[in-house]
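Commentary on secondary and tertiary structure
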Amino acid sequence: MSLGIFENEKISMRQLEILLVANNLALGLILLPELFFNGFIFNMLFLLFFLFAIVILDFKLIEWREKNFLSGYVLKFIYGLLLIKISLSASFELSLFMEIAKKFILPETNKFIVGLILFLAGNYLALKGYEVRARLCEILVWLLILPLIIFFVINLFSLKKIVYEDEFLFFDWKKIFDGIFIFSQLDYLFLLDFYDGREKKVDKRKILRAVFFVWFVIFVLIYVMRLKINFDMRLGILKFMSLTDLPGGFIQGQDFFVISFVIVSFFILLAGKLFFIKKLFRNLSGKNGDLILGLIFVFNLISQKNLWLMICLFGSLIYFLFLSLFVMKNIFRSGDLK
């Protein structure tokens, strides 16, 4: 039994690749440098391994759902956990955006006003449906990638040396654990029915390629930042971009790149979260999902640290449940999972 949440929101494999890149690249670059600035080589390699494992597990769960191996009760429970986790994630991202906007974009403006504007814009895009968002991301993703290319090329020619310090070979399981929830591949892959009628099956290689592309870009940029700057790496990519001098007077300041990178990335992130929240709530309760969106602002009263702990808690419950289902299915190979 399938709840049919997204049967009218079919997107192509190419659009799914772009969505995975757009949803994970910016947030990963904002949050991961703080985690992996020191001792990051082993950490990043293990993170890639676990991301690939999670994506492969997603494919298996999608297969079970399509073949009705997961009963309606199991799906509803999974969707309920995902609804809570996505709501907490949306609130965390909105809180992070308000912090960044206050620091880098509009320091004199009340951060809640800025957050409300982003929320309303994201809600408008969510109302248009996921296919519209996928098409828009095909354009907006370049506003994320091009600034990164420009700043990478500029800084690449100014690197004085490449060093391998002992601390690079240190790994920390807590950092890897946090990194998994920053990417949150599961939220998108398991929920979406992205077939567009032309493609008969999921191309696993394309999805893994998108995951590797995001990981590789973040890996390289963290290393470049590690060689260029020595300050506290919280919001490191934004500091990195704001401190890079553009040659030849191409633009008199790099604020344009920082602002576009921040607004576009959080606009894409929040619109996707709001879409999932509304659809999940409507299908689980039969009621309009607009009211639950107010919880996003209520959750903003919780500190980012506590919000993150709650996200990791519910995310761990989801992964544990999925792994349990995987084990049960392999032990009892016949019949549905009730």
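Residues numbered from 1 in each chain as written. Predicted model: local features only at pLDDT ≥ 70, side-chain atom pairs only at ≥ 80, totals over all residues. Heavy atoms only, no water.

On a plain count of helices and strands, the protein chain comes out with 12 helices and 0 strands. Along the chain direction, N to C, the helices and strands of the protein chain fall in the order α-α-α-α-α-α-α-α-α-α-α-α. In the protein chain, once contacts between residues fewer than 6 apart in sequence are set aside, the share between residues at least 24 apart is 86%. Carbon and sulfur atoms make up 66% of the accessible area of the protein chain, which amounts to about 15,900 Å² in all. (Helix = DSSP H or I, 4+ residues; strand = E, 2+ residues; numbered from the N terminus. Contact = heavy atoms within 4.5 Å. Areas by Shrake-Rupley, 256 points an atom, 1.4 Å probe, with all protein chains shown as cover.)

Turning to the environment of leucine 27, a few remarks are in order. Among the secondary structure elements, leucine 27 is positioned in helix α1 (residues 13-36). Along the chain, leucine 27 and serine 265 lie 238 residues apart, while their C-alpha atoms are 7.5 Å from each other. Beyond its immediate chain neighbours, meaning those up to four positions away, leucine 27 contacts Leu32, Glu93, Leu96, Ile182 and Leu269.

Here the structure, examined in full by the defined rule, presents 5 salt bridges. Salt-bridge contacts for glutamate 138 lead to arginine 14; the nearest nitrogen and oxygen are separated by 2.2 Å. In this pair, glutamate 138 sits in helix α5 (residues 130-156) while arginine 14 sits in helix α1, placing the two residues 124 residues apart along the sequence. Lysine 174 is paired through a salt bridge with aspartate 178; the nearest N and O atoms lie 3.1 Å apart. Placement of the pair is lysine 174 and aspartate 178 together in helix α6 (residues 173-183), with a separation of 4 residues, close to one helical turn. (Salt bridge = Lys/Arg side-chain N within 4 Å of Asp/Glu carboxyl O.)

A few words now on the packing of aromatic side chains. Per the stated rule, a full pass over the model turns up 11 aromatic pairs. A centroid spacing of 5.4 Å and a plane angle of 75° characterise the contact between phenylalanine 49 and phenylalanine 50, whose relative ring orientation is edge-to-face. Measuring from ring centre to ring centre gives 4.9 Å for phenylalanine 177 and phenylalanine 181, while their planes differ by 75°; the resulting arrangement is edge-to-face. Of the two residues, phenylalanine 177 and phenylalanine 181 both sit in helix α6, 4 residues apart, roughly one turn of that helix. Aromatic rings pair up to connect Phe46, Phe49, Phe50 and Trp173 into one cluster. (Phe/Tyr/Trp six-rings, centres within 6.5 Å; stacked < 30°, edge-to-face > 60°.)

Tracing the backbone shows asparagine 123 in helix α4 (residues 111-127). Discounting residues that sit within four places of it in the chain, asparagine 123 has contacts with Leu274, Lys278 and Leu293.

So, on to the environment of valine 132. Its place among the elements puts valine 132 in helix α5. For valine 132, a relative accessible area of 37% puts it in the partly exposed group. When the C-alpha positions of valine 132 and isoleucine 11 are compared, they lie 9.3 Å apart, and in sequence the two are 121 residues distant. (Buried < 20%, exposed > 50% of the residue type's maximum accessible area, 1.4 Å probe, protein only.)

Our focus in this paragraph is helix α9 (residues 236-243). With 6 of 8 residues buried, α9 is to be regarded as a mostly interior element. Every buried residue of α9 is accounted for by Gly236, Ile237, Leu238, Lys239, Phe240 and Met241.

Turning our attention to the packing of helix α3 (residues 72-105) against α4. Two numbers describe how α3 lies on α4: the axes approach to 9 Å, and their chain directions differ by 125°. Between α3 and α4, the angle falls in the class oblique. For the crossing formed where α3 meets α4, the hand is right-handed. Only Lys111, Phe112, Val114, Gly115 and Leu118 of α4 make contact with α3, whose side of the interface consists of Leu94, Phe97, Met98 and Ala101. Residues that form the contact of α3 with α4 fall into these classes: 7 nonpolar, 1 polar and 1 charged. (Axes fitted to C-alpha atoms, helices over the stretch in contact; angles between N-to-C directions. Parallel < 35°, antiparallel > 145°, perpendicular 65-115°, else oblique. Left-handed = near helix turned anticlockwise from the far one by under 90°. Nonpolar A, V, L, I, M, F, W, Y, C, P; charged D, E, K, R; others polar.)

What follows deals with α5. Between its terminal C-alpha atoms α5 stretches 37 Å, which fits the 39 Å expected from 27 residues at 1.5 Å a residue. At glutamate 138, α5 shows its maximal kink, close to 40°. Among all positions in α5, only Tyr130, Arg133, Ala134, Cys137, Leu140, Val141, Leu144, Ile145, Pro147, Leu148, Phe151 and Asn155 are buried. (Expected span 1.5 Å × (residues − 1). Bend = angle between axes of the 7 residues up to and from the residue.)

Quick look at a nonpolar patch on the surface now. On the surface, a cluster of nonpolar side chains totalling about 620 Å² of accessible area is made up of Trp142, Leu146, Ile149, Val153, Leu156 and Phe157. Structurally, the position occupied by leucine 156 is in helix α5. Among the residues examined, leucine 156 registers a relative accessible area of 41% and is labelled partly exposed. (Patch = residues over 30% accessible without salt bridge, like charges linked within 9 Å, V, L, I, M, F, W, Y side chains within 5 Å.)

Here the protein chain averages 77 in pLDDT, and 78% of its residues register 70 or above. Of all helices and strands in the protein chain, the one with the weakest mean pLDDT is helix α7 (residues 185-191) (71), whereas α4 scores best (87). Per-residue pLDDT stays below 50 along residues 1-5; that stretch engages in 17 contacts with residues further than four places along the chain or on separate chains. Note that pLDDT drops below 50 for residues 194-199; the model gives that stretch 17 contacts with residues more than four away or on any other chain. (pLDDT = per-residue confidence, 0-100.)

Two numbers describe how α1 lies on α5: the axes approach to 9 Å, and their chain directions differ by 50°. As summarised for this structure, α1 and α5 are arranged oblique, according to the angle between their axes. Crossing angle aside, the handedness with which α1 passes α5 is left-handed. Residue-level inspection shows Arg14, Gln15, Ile18, Leu19, Val21, Ala22, Asn23, Leu25 and Leu29 of α1 in contact with α5, the latter providing Tyr130, Arg133, Ala134, Arg135, Cys137, Glu138, Val141, Leu144, Ile145 and Leu148. Of the residues belonging to the contact of α1 with α5, the class tally is 13 nonpolar, 2 polar and 4 charged.

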